[in-house]
Amino acid sequence: MKVDGSSDLLGESGKLIEGLAEDYRYSPPAKVAIGEERERERGREGDEELFVPPLNFAMVDNGIFRSGFPDSANFTFLQSLSLRSILYLCPEPYPEANSDFLKDNGVQLFQFGIEMCKEPFVNIPEETIREALKVLLDVRNHPILIHCKRGKHRTGCLVGCLRKLQRWCLTSIFDEYQRFAAAKARVSDQRFMELFDTSSLKNLPSSFPCSSR
């Protein structure tokens with residue numbers, strides 16, 4: 001078989017082989033088609049709302065969530081949780097944009113300001129944690145989101161004390177705390193959880209049914 005400059009295809013008998021010329025037509029590289037598909041994907045994403053959880057977000061129990069400080073990029077995700085309450089563990093005033101989000105969505109804010117100090121000067125106020133736990137254990141406030149700045153130390157201590165009420169062993173409590181605190185885990189936080197006295201809270205419920213707002 002021979003291909004000449006005019007792209008005619010000739011057999012050994014010298015006759016034009018019909019149809020085979022189609023096989024020699026130019027077809028665009030696969031990457032062009034891939035690029036067009038990516039453009040279509042981007043267009044579809046632009047038409048959809050993105051659900052972006054806050055830093056260190058996780059479910060603690062039925063109706064209880066934890067995270068770092070949420071910002072405006074997280075608001076659509078928070079709406080999907082149908083929150084009734086937010087339990088805020090920092091002493092600083094709540095930002096205006098966040099306050100407006102709570103107002104627009106009928107979410108109640110509970111603030112228990114705990115100062116952030118570095119070791120060895122960490123001083124976690126036990127009574128503040130106790131009062132925060134009372135809010136957390138009240139199912140009328142569920143679904144509820146607990147958060148501080150990064151969702152590590154203050155949030156971790158509150159969740160750890162909740163786990164004591166739920167009769168978790170210390171090994172499991174510390175393991176959960178360390179998963180969120182990672183390299184920033186503090187011995188003082190773990191000592192606080194170990195020594196925290198739950199006796200005054202034992203008459204409150206510590207397990208929660210699935211809740212709907």
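Scoring rules and cut-offs
Residues numbered from 1 in each chain as written. Predicted model: local features only at pLDDT ≥ 70, side-chain atom pairs only at ≥ 80, totals over all residues. Heavy atoms only, no water. Helix = DSSP H or I, 4+ residues; strand = E, 2+ residues; numbered from the N terminus. Buried < 20%, exposed > 50% of the residue type's maximum accessible area, 1.4 Å probe, protein only. Contact = heavy atoms within 4.5 Å. Areas by Shrake-Rupley, 256 points an atom, 1.4 Å probe, with all protein chains shown as cover. Salt bridge = Lys/Arg side-chain N within 4 Å of Asp/Glu carboxyl O.

As a further point, take the overall build of the chain. A tally of regular secondary structure across the chain gives 7 helices and 7 strands. Along the chain, helices (α) and strands (β) appear in the sequence β-β-α-β-β-α-β-α-β-α-β-α-α-α when read from the amino end. For the chain, buried positions account for 38% of its 213 residues. Pairs at least 24 residues apart make up 65% of the contacts formed inside the chain by residues separated by at least 6 positions. Of the roughly 13,000 Å² that the chain leaves accessible, carbon and sulfur atoms contribute 51%.

This brings us to unusual backbone geometry. Here the amide bond leading from His 142 into Pro 143 is cis, since omega sits at -5 degrees, within 30 degrees of zero. Mapped onto the elements of the fold, Pro 143 is located in the loop between helix H4 (126-137) and strand E7 (144-147). At Asn 56, a position not held by glycine, the phi torsion is positive, near 60 degrees. Examined against the element boundaries, Asn 56 turns out to sit in the loop between helix H1 (30-46) and strand E3 (58-61). Phi is positive for Ser 82, which is not a glycine, with a value near 55 degrees. Mapped onto the elements of the fold, Ser 82 is located in the loop between helix H2 (75-80) and strand E5 (85-88).

What follows covers the pattern of salt bridges. Considering all chains together, one arrives at 6 salt bridges under this definition. Among the salt bridges present, the one from Arg 140 reaches Asp 138, with a minimum N-O distance of 2.7 Å. Classification of Arg 140 by relative accessible area gives exposed; the value is 66%. Between Arg 179 and Asp 175 there is a salt bridge, and its shortest N-O distance comes to 3.0 Å. Placement of the pair is Arg 179 and Asp 175 together in helix H6 (residues 170-181), with a separation of 4 residues, close to one helical turn. Taking relative accessible area as the criterion, Asp 175 reaches 40% and is therefore assigned partly exposed. Put simply, Glu 126, Glu 127 and Arg 130 are held in one network by salt bridges that share partners.

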